[in-house]
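# Survey of secondary and tertiary structure
Here is what each chain is made of, one letter per residue.
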Amino acid sequence: MVSKTITPALPDKIITGKEAGLVLCAECYKVHRYIPDAEQECRCCGAELYQRKPDSINRTWAFLIASMILYIPVNTMMIMNVAYFGTDEPSTIMGGVILLLQMGSHAVAFVVFVASVLVPLFKMIGIMLILFSLKYKVNMTDRQRIKMFRFIEFIGRWSMLDIFVVSILAALVHITGVAEITAGPAATAFGTVVVLTMLAASSFDTRLLWDYKRKNYKNIELNQEPAAD
Amino acid sequence: MQVVVTGRSQVINSRILLCHECDLLIENQEICETCKVQCPRCGHVLYKQKHNTISRSLAYALTALICFYPAVTQPIMILEMLGLSQQQSLISGSLILLREKYYVVAILTFLSSCLVPLFRLLLLTYVTLSITLNYYHKSLIWSFRLFHEMEEWGMLEVYMLGIIVAVVKLLSMAEIQPGFGLWAYAALLLSSILATTALNPHEVWDALLDRKTREEPC
Ligand SMILES: [Zn+2]
Ligand SMILES: [Zn+2]
């Protein structure tokens, strides 16, 4: 089935739902009239209604800083130990990538490097950049910011890869005295980092990206803001 | 209760659209039965009109549920080394990590690769089957909300990649054979992806709230 994509014209006067006193239910897409200073619940689906996610920036910072601190043990401690005929061979995340390279599996080494090193780094730095760009009005267009955020949200879950690899290997290679793979403390730290960065992304309200822009134009009369981009 | 509701359906009734991602207000948007409406400011898809997605999604969800049983109970991979063989299944990894006291890793693995996907499939089947059979109960509303909220915590596809990486890592060390569980897991992954991509949540909400309003207006 082919469906046509319609992009309505950007209105001359940009008005947001918040300014119009409306609120969108995040669950069932119904539009409601917003009641200030009251706890409001969607009568259709029962979800809590809020014009902006409560305390969004602070929560995002909190999850982000926690994940950055935990990211240090992730890289310095061992993520798994391979005991092969009595000799221990502990490895860190980077060690695992290098081992794969030495084995000649370049493609898999690349995938693991992207998922466990690049993705978490990109995600933490990206969220931080977005938060800073809002605070210090860095020159970045709204489209760039929203694209970056959507990308961050999309890639985040793939960093669980190393956690799954460790748990699969630990289950599969379990012959006592011959070959045994066990998890290391970095696995716990890494799992927590992945969860924390996912929570950081989900507590960020993308609508703030546009609100801040309007605050910059505070002196201009509200509805006369030129069309963004 | 301090609730006032004005606009009803986002597109069909009130003709007021609010963008979920940038809160832009769009009035008097023309209604089009086969269109996809996109936000002019941020590019987010505001509305998708797709018909008959519910029964298709139900079929895929049932297929996925059937695949779930062998995917969990049958071995995914079998390792052979010095005449000894070792089997790995979807939950054995979590069990071993639990025994080694890696609680966070064990629970995280179990939740994201097994429990959340299973629970989401059950919720999806419950909702789509009820709509198909024209049955209504108020638990359907929170079931579908829960289904939506748990979306990013189900990670079947990441686990599949994990299996591939694990195989490559072990190639030099031992002989590995795929078990029946692997094929079941692949089928489960495919049908659950199809079940979610085939579904249009707008259509589900329309159907659910239609039935709800027969009992109490919303
Ligand atoms: Zn709602
Ligand atoms: Zn938008």
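Residues numbered from 1 in each chain as written. Chains lettered and ligands numbered in written order. Predicted model: local features only at pLDDT ≥ 70, side-chain atom pairs only at ≥ 80, totals over all residues. Heavy atoms only, no water.

Counting secondary structure elements, chain B contains 7 helices and 7 strands. Along chain B, from the amino end to the carboxyl end, the secondary structure elements read β-β-β-β-α-β-β-α-α-α-α-β-α-α. When the 218 residues of chain B are sorted by exposure, 55% land in the buried category. Partitioning the contacts of chain B with sequence separation of at least 6, the portion at a separation of at least 24 is 63%. Counting every atom, chain B has about 9900 Å² of accessible surface; 61% of that belongs to carbon and sulfur. (Helix = DSSP H or I, 4+ residues; strand = E, 2+ residues; numbered from the N terminus. Buried < 20%, exposed > 50% of the residue type's maximum accessible area, 1.4 Å probe, protein only. Contact = heavy atoms within 4.5 Å. Areas by Shrake-Rupley, 256 points an atom, 1.4 Å probe, with all protein chains shown as cover.)

Counting secondary structure elements, chain A contains 7 helices and 9 strands. Out of the 229 residues in chain A, the part that is buried amounts to 48%. Long-range pairs, those at least 24 residues apart, make up 66% of the contacts in chain A between residues at least 6 apart in sequence.

This paragraph deals with the domain arrangement of chain A. When cut into domains, chain A gives domain 1 (15-51) and domain 2 (55-223). The C-alpha centroid of domain 2 of chain A is placed 33 Å from the C-alpha centroid of domain 1 of chain A. (Domains from an automatic or database assignment.)

Okay, the coordination of the zinc ion (ligand 1) next. Residues and elements named next belong to chain A. Taken together, the protein ligands of the zinc ion (ligand 1) are Cys25 (SG), Cys28 (SG), Cys42 (SG) and Cys45 (SG), with distances of 2.2 to 2.4 Å. Each of the 4 donor atoms around the zinc ion (ligand 1) contributes to a set of angles spanning 102 to 116°, which defines the coordination as tetrahedral. Each donor residue of the zinc ion (ligand 1) lies on one chain, and together they are spaced C-x2-C-x13-C-x2-C. Residue Cys28 is found in the loop between strand 2 (22-24) and strand 3 (31-33), and its partner Cys45 is found in the loop between strand 4 (40-41) and strand 5 (48-49); the two are separated by 17 residues along the sequence. Residue classification places Cys45 among the buried positions, given a relative accessible area of 6%. (Donors = N, O, S within 2.8 Å, 3.2 Å for Na, K, Ca; no water. Tetrahedral: all angles 85-135°; square planar, octahedral: opposite > 155°, others 65-115°.)

Since the α-helix packs 3.6 residues into each turn, any two residues three or four apart lie on the same face. Here helix 3 (residues 103-132) of chain B is 30 residues long and its end C-alpha atoms lie 41 Å apart, about the 44 Å a rise of 1.5 Å per residue gives. Along its length, helix 3 of chain B reaches its greatest deviation from straightness, about 50°, at Leu111(B). (Expected span 1.5 Å × (residues − 1). Bend = angle between axes of the 7 residues up to and from the residue.)

A few words on the domain arrangement of chain B. Annotation of chain B at the domain level lists domain 1 (4-48) and domain 2 (53-215). Computed from C-alpha atoms alone, the centre-to-centre distance between domain 1 of chain B and domain 2 of chain B is 32 Å.

Across the boundary between the two partners, chain B contributes 85 residues, which contact 86 residues of chain A. Summed over both sides, the interface between chain B and chain A buries roughly 8100 Å², with carbon and sulfur atoms accounting for 68% of that surface. Broken down residue by residue, the surface that chain B buries against chain A is led by Glu21(B), Arg41(B) and Lys169(B), which jointly contribute 9%. Scanning the region where chain B abuts chain A turns up 3 salt bridges. Notably, a salt bridge pairs Glu157(B) with Arg157(A), separated by 2.1 Å at the nearest N-O pair. Joining chain B to chain A, the criterion identifies 17 residue pairs in polar contact (both at pLDDT 80 or more). Across the side of chain B that touches chain A, the residue classes break down as 45 nonpolar, 25 polar and 15 charged. (Buried area = accessible area lost by both parts, 1.4 Å probe. Salt bridge = Lys/Arg side-chain N within 4 Å of Asp/Glu carboxyl O. Polar contact = N/O pair within 3.5 Å; in protein donor to acceptor, adjacent residues only side chain to side chain. Nonpolar A, V, L, I, M, F, W, Y, C, P; charged D, E, K, R; others polar.)

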